[in-house]
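Take a look at the letters that make up each chain.
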Amino acid sequence: MAEFDKTKGYQAQEDVFFDDGREIELLHFVYGKPDIEDVRGSPSRVLQAIDEFARTKKYLMNVGEDKGRIVTDLIAEVKPQTMVELGGYIGYSCILFGDAVRKAGGKRYFSLERNPEFAAVIASLVDLAGLSEVVKVIVGSSDVSIKRLHYSGALQHIDLMFLDHYKPAYTTDLKLCEELKLVTPGSVMAADNVIKPGNPPYLEYVRSSVQEKRQALEKSEAGSGPDARFKDRTANQYAKRQGQEKLDASVKGNPNLVYESKLTNSFEPTGEPDGVEITRCVGEEK
Ligand SMILES: C[S@@+](CC[C@H](N)C(=O)[O-])C[C@H]1O[C@@H](n2cnc3c(N)ncnc32)[C@H](O)[C@@H]1O
């Protein structure tokens, strides 16, 4: 693994590091650039402007360049027709990966974002980047949006999914996608932040054999709260807007799907170690 380039480090993450007005400040920063007309229509220039804000003004919880490259390489390999991201924030991953999907010949990038203010920021920056034909921003909780997109026929299969939202929801949303047959053999998942802050229940699930998953399902007593292995800070990250989060404990998934899963180590844009778990669905046992 290459070293982290300290000259590119984001500002340090504060105690309150989002939803304090900085997302709108970012919009003013980007649209106030003297060369804004050269930025228009250029995904890489929009990303540069976002990075500049996060390096010189305030931290932003973006995937960043290093982990971003892991996923853009994956997009070039998988060539997804349809890619879904869970958690869009201000649109960094959406612009980086939506552009990569378009370059790889793909048709659709769905960005699912629960906070309507953040979703509006994503839509504005996606438009600025000239990606509105490929990217659809979907406002709402990921599980509700996945179901609606599925039942409306707008989403029939997920070729590649980037998980980067409420950490305890990674496993329940993956299981939901399995149940709806959106994730089938051939689907690939890339999960962010599996080192920082970490996601033991998700890693356990995607690294389990079919046999282990069937056994776990038989003795499953999952409640609607987050798994106790998450730290309070992670479990309550969105409490300001959401209060006590509830997860759908009735979602069983499809334990018969065979996964091959591997961690790629990398860095947060601040330079802290993190990793992306890449999981390939390679078959289904009957
Ligand atoms: C780490 S940020 C996403 C960063 C983004 N993927 C990037 O790299 O540019 C997580 C985002 O997920 C959103 N989020 C959290 N839980 C969600 C849920 N259940 N459904 C949809 N969005 C959610 C938050 O509002 C936040 O904007």
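Structure report, in brief.

Conventions used here
Residues numbered from 1 in each chain as written. Predicted model: local features only at pLDDT ≥ 70, side-chain atom pairs only at ≥ 80, totals over all residues. Buried ≥ 20, exposed ≤ 12 C-beta atoms within 10 Å, placed from the backbone. Helix = DSSP H or I, 4+ residues; strand = E, 2+ residues; numbered from the N terminus. Arc of directions from axis to C-beta. Contact = placed C-beta atoms within 7 Å. Pairing = 2+ DSSP bridges. Axes fitted to C-alpha atoms, helices over the stretch in contact; angles between N-to-C directions. Expected span 1.5 Å × (residues − 1). Near = placed C-beta within 6 Å. Nonpolar A, V, L, I, M, F, W, Y, C, P; charged D, E, K, R; others polar.

Since the α-helix turns once every 3.6 residues, residues separated by three or four places project in the same direction. Here helix α1 (residues 22-31) has its buried residues at Glu-23, Leu-26 and Val-30. Seen end-on, α1 carries its buried residues on one side only, within an arc spanning 50°. Those residues of α1 that are exposed and aimed more than 90 degrees away from the buried face are Ile-24 and His-28. Buried residues along α1 sit in contact with α3 (43-56) and α6 (116-129).

So, about the sheet that holds strand β6 (residues 257-267). Sheet architecture is open: seven strands sit in the order β3-β2-β1-β4-β5-β7-β6, paired in mixed fashion. The open sheet has two edge strands with one neighbour each: β3 (135-139) and β6. Sheet twist, expressed as the mean angle between neighbouring strand axes with direction ignored, is 15°. As paired strands, strand β2 (residues 108-113) and β3 are joined by five bridges and run parallel to one another. Bridge pairing in β3 links Glu-113 to Val-139. Contacting β2 and β3, α6 runs over the sheet at an angle of about 170° to β3. Each of β1 (82-86), β2 and β3 is contacted by helix α7 (residues 142-152), which is oriented at about 145° to β2, the strand it contacts most.

On to α6. Between its first and last C-alpha atoms α6 spans 20 Å; for 14 residues at 1.5 Å apiece the expected length is 20 Å, and the two agree. Listed as buried for α6 are Phe-118, Ala-119, Val-121, Ile-122, Ala-123, Leu-125, Val-126, Leu-128 and Ala-129. On its buried face, α6 is in contact with α1, α2 (36-39), α3, α5 (92-103), β2 and β3. Of the residues one or two after α6, Gly-130 is the one with positive phi, at around 75°.

The next thing to look at is the site of the ligand. Residues in contact with the ligand amount to 21 residues; listed here are only the nearest, Val-63, Gly-87, Tyr-92, Ser-93 and Ser-142. For the shell around the ligand, the secondary structure elements donating two or more residues are α5 and β2. Of the residues in the shell around the ligand, the class split is nine nonpolar, eight polar and four charged.

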